[in-house]
Amino acid sequence: QVQLVDAGGGSVQPGGFLTLSCAVSGRAVSGSAVAWFRQAPGKERTYVAGISYIDQTLYADFVKGRFTISRDNANNFVYLRLNNLESEDTAVYYCALRPGVIYYDSTLWEYWGQGTQVIVSA
């Protein structure tokens, strides 16, 4: 059984930073595509960043170099470092996993974490 557990969210001021983590069990992250999506209230779930099974990284345009996705193959974790946060980044962030390549379409991802809330407010 594949399980993803998201953690690390919180409340920060604009310009602040957070590191989100995703603990994966039941499947190796090293041979999979992993990604982070986010969903703001009343909006669709949107792609943020991902790493393919061949370590290709791909970021959404709105990231603008502020976020960094990484994975720890030895411990089976995925991380998302969020720097220079803006109020528009407020959302629930979800880790996702699938075999092979990255897709922007959330319906093409097989496994999901439960989400972790990020609030950016002065």
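Conventions used here
- Residues numbered from 1 in each chain as written.
- Predicted model: local features only at pLDDT ≥ 70, side-chain atom pairs only at ≥ 80, totals over all residues.
- Heavy atoms only, no water.
- Pairing = 2+ DSSP bridges.
- Helix = DSSP H or I, 4+ residues; strand = E, 2+ residues; numbered from the N terminus.
- Axes fitted to C-alpha atoms, helices over the stretch in contact; angles between N-to-C directions.
- Buried < 20%, exposed > 50% of the residue type's maximum accessible area, 1.4 Å probe, protein only.
- Contact = heavy atoms within 4.5 Å.
- Disulfide = S-S within 2.5 Å.

Colleague: Give a description of the sheet that holds strand S3 (residues 18-25) that names residues and reports values.
Modeller: With respect to topology, 4 strands assemble into an open sheet ordered S1-S3-S8-S7, the strand pairing being antiparallel. In the strand order of this sheet, the two ends are held by strand S1 (3-7) and strand S7 (67-72), each with one partner. The average angle at which neighbouring strand axes cross in this sheet is 15°, direction not considered. In the sheet, S3 pairs with strand S8 (residues 77-82) via 6 bridges, with the strands oriented antiparallel. Each residue of the ladder has a partner; that of Thr 19, found in S8, is Arg 81.

Colleague: Which residues make up the pairing of strand S5 (residues 46-51), and what values go with them?
Modeller: In regular strands, side chains alternate between the two faces of the sheet. Counted residue by residue, S5 has 5 buried out of 6 residues, so it is predominantly covered. Where strand S4 (residues 32-39) meets S5, 5 bridges bridge the pair, whose relative direction is antiparallel. Its bridge partner being in S5, Phe 37 is matched across the sheet by Tyr 47. The antiparallel hairpin formed by S4 and S5 contains 6 residues in its connecting segment, where Gly 42 sits at a positive phi of about 75°. In this structure, S5 lies alongside strand S6 (residues 57-59), joined through 3 bridges in antiparallel fashion.

Colleague: Explain the side chain of Ser 21 to me, and be specific about the residues and the numbers.
Modeller: By secondary structure assignment, the location of Ser 21 is in strand S3. A relative accessible area of 16% means that Ser 21 is categorised as buried. Apart from residues no more than four positions distant in its own chain, Ser 21 is found in contact with Val 5, Asp 6, Ala 7, Trp 36, Phe 77, Val 78 and Tyr 79.

Colleague: Go over the state of the cysteines, please, and point to the residues and values.
Modeller: Here the structure, examined in full by the defined rule, presents 1 disulfide. Two residues, Cys 22 and Cys 95, share a disulfide whose sulfurs are 2.4 Å apart. Disulfide Cys 22-Cys 95: the torsion about the S-S bond is -80°, which places it as left-handed. Remark: Cys 95 occurs in strand S9 (residues 91-99) and Cys 22 occurs in strand S3; sequence separation between them is 73 residues.

Shape is all these values report; function is a separate question.
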